[in-house]
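Architecture at a glance
Here is how the chains run, residue by residue.
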Amino acid sequence: MSIQIQKVSKTFGNVAAVDSVSFEIHDGELVALLGPSGGGKTTVLRMIAGLEMPTAGDIRIRGQRVNDLSVQQRNIGFVFQNYALFKNMNVFKNVAFGLKIKKWKRKEIEERVAELMTLLELKGLEKRYPHQLSGGQRQRVAIARALAPKPSVLLLDEPFGAVDAKIRQELREWLVKLHHDLNVTTLFVTHDQEEAMEVSNRIVIIAAGRLEQIGTPREVYEQPANEFVARFIGVMNVLDCTVRDGVGRVGEMQFNLPNVADGQVRLGFRPYAVQISPDLSLYRYRAVLRHTFFLGIMLRLEIELPSGLIVRARITKEDYSRLGLQDEQEVSFQIRQFRLLAHDKAALQPEQRTTYDVPPMIAENI
Amino acid sequence: MAGVVRRKNQGSTLKSQRASEESPFAKWILITAALCFVTVFLLLPLMNVFYQAFSKGWQLYRHSMLEEDTIHAIKLTLAITAISVPLNLIFGLAASWAIAKFDFPGKTFLISLIDLPFAVSPVVAGLMFVVLFGRQGYFGEWLDAHDIKIIFAVPGMVLATVFVTFPFVARELIPVMQQTGSEQEQAALTLGASGWKTFWLVTLPSVKWGLIYGVILCNARAMGEFGAVSVVSGHIAGQTDTIPLRVEKLFNGASAASGVAAFAVASLLALLALVTLFLKTFLEWKTDRDFARAQEAGPAVEPPPNESDTVILAKSLQ
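Conventions adopted
Residues numbered from 1 in each chain as written. Chains lettered and ligands numbered in written order. Predicted model: local features only at pLDDT ≥ 70, side-chain atom pairs only at ≥ 80, totals over all residues. Helix = DSSP H or I, 4+ residues; strand = E, 2+ residues; numbered from the N terminus. Buried ≥ 20, exposed ≤ 12 C-beta atoms within 10 Å, placed from the backbone. Pairing = 2+ DSSP bridges. pLDDT = per-residue confidence, 0-100. Contact = placed C-beta atoms within 7 Å. Core = buried A, V, L, I, M, F, W, Y, C linked by C-beta atoms within 7 Å. Domains from an automatic or database assignment. Axes fitted to C-alpha atoms, helices over the stretch in contact; angles between N-to-C directions. Expected span 1.5 Å × (residues − 1). Arc of directions from axis to C-beta. Parallel < 35°, antiparallel > 145°, perpendicular 65-115°, else oblique. Left-handed = near helix turned anticlockwise from the far one by under 90°. Nonpolar A, V, L, I, M, F, W, Y, C, P; charged D, E, K, R; others polar.

1. Observations concerning the overall build of chain B
- Within chain B, the secondary structure is distributed over 15 helices and zero strands.
- The 318 residues of chain B split such that 34% are buried.

In structure tokens:
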């Protein structure tokens, strides 16, 4: 067990930034702390580092309670959002800083820095100053500096926030590779769910200071613990519908809800659960394809029901061309699976498959 | 659309060209006026100081400089400066650190308080100390009883100088420290550096030029201060005369020689002003460059929360 957070809270004045959060991170994991901006995830990271003191609760690193240990004693590597490189020092001195403080021998320092320069593809930049580096290089220097004293955990605050989209993608892949090579327990903060999904082994979702869910990317996507997670991770169509006699109705659509009492409920379904065909007799509902968004290999479609409801669907490029879809075309569609949502933080039930439709003809690989 | 924009731009550049073509007359009038003003009010008096100082020859200049009271005045000025500049250096560092790195109640009040000496007339500042420490002042009796002399003595002059030069270092450092933020220091802490090490290795180097700049301004003012020091000094020749006070005394002297001596001593202050000006310009250039670099290396803007579709996600999960 590398990091244990036990019922940790942090209040600033009257504001509870972090409210009784508990989770554990195992040795060698790459974990994302994910949540909306201002939700307390950076505060959690800073408390682990010792840059903030928890108001309540325990933090353990490798079994040792570190609440009373100062930042200096915790042996963590911390990468700041804006890198916080020492701008009056060159790359070599930046990376060597922690080693000098720990009174390493000069030769050992030179070896360690050279090793990191190679690992982080920074060779030849030792004499440069931070202002002479590109955004991606600066970030790698910041990581090299944090890694130099061989920390037991590496903490990164929004590591990809400060670079443009293209470099961000490179850096993500590169962080995964680095983690794979070094196998150092890594925890990073991000507000970008796509980033968390792509990079991490597990995701800790924190919103409004509370832990919402912890799980693998697949778990939080397929089995969200509550409505917040369901809506925060990925895209979801959300419908308010009225239930009567075990059937939920919204506009033209009907959902079998045999065990639900009469009243209002909310349900949601992922865009990939929507199947579309230009053959108007194939599926149960009719709609008009309003917009097509080209997102690369996947396309997002917005279809409008006669009642004015907009439903988002997802389809591969191949299927799109095969079906010969066009904007403003009438289509039929069905919803393959959906789940009931709950306004409060109540746990969600598993997704329900709609069983009353003909088996889908479209390939299931969407 | 693009065409419209371009045409608009062309229009405006044309217009501005015409505007600048039509204005050389006004331009030259303004430049000439500014130059005349600078020459008459700044350059001529400065040159006149040196002219007057050397008007009766190098010998007399040297003689007036080597006069016992003048030498004492120079020594005293250096001594007072040597005490008050380090004091304000320490205070300036502490105050700007507190203001830039921490939030505390009364912060705005502290900032305005630092500016107080700029707002108060130096003479009033001097009088303030007389009222406090003078013989008839609040602490006068107690000081008298313990045989401590502040007013009409060197300690009072140091106090007055410290008061007047109070804002220089702090004022220079606050924006530099605010701009630097505290992340570099936190980074040093996470790397195991103690508070002191962090201060020496990270904080101080990053505010280096701003600090030197503040010290130079503080130094110039400390050496040149007249009003406040004049009130508390008592003008005792050979004891409580600083260079500016000495200049005044010589200037008011009856003989022609003392007039020349006044300018000779004043030429020291003028020289100090020139050196200060040069250093100030150099450091401004230096800090501007560092600032530009810092901006370049700069604080990144957090991109808006990502709402886009999860393409890769879908690919990998489904």
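2. Digging into unusual backbone geometry
Residue and element names in this part refer to chain A.
- Residue alanine 84 is not a glycine yet carries a positive backbone phi of 50°.
- Looking at where alanine 84 falls in the secondary structure, it is placed in the loop between strand S6 (76-79) and helix H2 (91-101).
- Of note in this structure, asparagine 183 is not a glycine but carries a positive phi near 55°.
- Along the chain, asparagine 183 falls in the loop between helix H5 (165-182) and strand S8 (185-190).

3. Quick notes on the sheet that holds strand S4 (residues 56-61) of chain A
Residues and elements named next belong to chain A.
- If you walk across this open sheet you meet the four strands as S2-S1-S4-S5, and the pairing is antiparallel. Both edges of this open sheet fall to strand S2 (15-25) and strand S5 (64-65), since each of them pairs with a single strand only.
- Two strands pair when backbone bridges link them, and strand S1 (residues 3-12) and S4 are joined in this way by five bridges, in the antiparallel orientation. Pairing of isoleucine 3 across the sheet is with isoleucine 61, part of S4.

4. With respect to the confidence of the model for chain B
Residue and element names in this part refer to chain B.
- For chain B, the mean per-residue pLDDT works out to 82, and 85% of the residues sit at or above 70.
- Predicted confidence is poor over residues 1-16, with pLDDT under 50, and the contacts of this stretch with residues over four places away or in other chains come to zero contacts.
- Long-range and interchain partners of residues 298-318, a stretch whose pLDDT sits below 50, account for 39 contacts in this model, where long-range means more than four residues apart.

5. Observations regarding the nonpolar core
- By size, the foremost hydrophobic cluster in this structure holds 111 residues, and its most contacted members are Leu33(A), Leu155(A) and Val204(A).
- Tallying contributions element by element places helix H4 (residues 135-147) of chain A first for this core, with six residues.
- Formed jointly, this core draws a minimum of three residues from each of two domains, domain 1 (3-231) and domain 2 (236-353) of chain A.
- Each residue touching Val204(A), except ones within four places of it in the same chain, is listed here: Phe23(A), Val31(A), Ala32(A), Leu33(A), Leu34(A), Leu211(A) and Ile214(A).
- Grouped together as the second largest cluster of nonpolar side chains are 58 residues, Leu159(B), Val162(B), Met223(B) and Ala264(B) included.

6. Looking at the sheet that holds strand S19 (residues 330-335) of chain A
Residues and elements named next belong to chain A.
- As summarised here, the arrangement of the five strands in space is S15-S19-S16-S17-S18, forming an open sheet in which the pairing is antiparallel. Every interior strand has two partners, whereas the edge strands, strand S15 (274-277) and strand S18 (310-316), have only one. When the angles between neighbouring strand axes are averaged without regard to direction, this sheet yields 45°.
- As paired elements, strand S16 (residues 285-294) and S19 share four bridges and run antiparallel to each other.

7. A short note on helix H3 (residues 106-119) of chain A
Residue and element names in this part refer to chain A.
- Between the first and last C-alpha of H3 there are 20 Å, a value that for 14 residues agrees with the 20 Å anticipated at 1.5 Å per step.
- What H3 keeps buried is the set Ile109, Arg112, Val113 and Met117. Down the axis of H3, the buried set is contained in an arc of 140°. They therefore lie on one face. Residues Lys107, Glu108, Glu111 and Thr118 are exposed on H3 and point more than 90 degrees away from its buried face.
- Those residues of H3 hidden inside the fold are in contact with H2.
- Where H3 terminates, the next one or two residues include glutamate 121, which has phi positive at roughly 55°.

8. So, the environment of Thr43(A)
Residues and elements named next belong to chain A.
- Within the element layout of this structure, threonine 43 appears in helix H1 (residues 41-49).
- According to the C-beta neighbour criterion, threonine 43 is buried, with 22 such atoms within 10 Å.
- C-alpha of threonine 43 to C-alpha of serine 9: the two residues are 34 residues apart in sequence and 9.8 Å apart in space.
- Excluding residues that lie within four positions of it along the chain, threonine 43 makes contacts with Lys10, Ala17, Val18 and Glu52.

9. So, the packing of H2(A) against H3(A)
Residue and element names in this part refer to chain A.
- It is at 10 Å that the axes of H2 and H3 come closest, and there the two elements cross at 130°. Between H2 and H3, the angle falls in the class oblique. As for the relative orientation of H2 and H3, their crossing is right-handed in sense. From H2, Phe92, Val95, Ala96, Leu99 and Lys100 reach across to H3, where they touch Ile109, Arg112, Val113 and Leu116.
- Per-class residue counts for the contact of H2 with H3 are seven nonpolar, no polar and two charged.

10. Here's the deal with the packing of helix H4 (residues 68-101) of chain B against helix H9 (residues 167-180) of chain B
All names here are of chain B.
- For the pair H4 and H9, the least separation of the axes is 8 Å and the interaxial angle reads 35°. For H4 against H9, the interelement crossing comes out right-handed. Judged by residue contacts, Asn88, Leu89, Phe91, Gly92, Leu93, Ala95, Ser96, Trp97, Ile99, Ala100 and Lys101 of H4 engage Phe168, Val169, Ala170, Leu173, Ile174, Met177 and Gln178 from H9.
- When grouped by side-chain class, the residues that make up the contact of H4 with H9 number 13 nonpolar, four polar and one charged.

11. So, the environment of Ala254(B)
- Residue position: Ala254(B) is located in the loop between helix H13 (243-252) and helix H14 (256-297).
- Sequence separation between Ala254(B) and Thr32(B) is 222 residues; the distance between their C-alpha atoms is 40 Å.

12. A few points about the environment of Leu85(A)
- Within the secondary structure, Leu85(A) is located in the loop between S6 and H2.
- For the pair Leu85(A) and Ile48(A), spaced 37 residues apart in sequence, the C-alpha separation works out to 21 Å.

13. With respect to helix H10 (residues 183-190) of chain B
- Burial runs high along H10(B): six of the eight residues are buried.
- Within H10(B) the residues assigned to the buried category are Gln184(B), Glu185(B), Ala187(B), Ala188(B), Leu189(B) and Thr190(B).
- Tucked inside the fold, the buried residues of H10(B) contact H1 and S6 of chain A together with H9 and helix H11 (195-224) of chain B.
- Positive phi shows up at Gly192(B), right after H10(B), with a value of about 100°.

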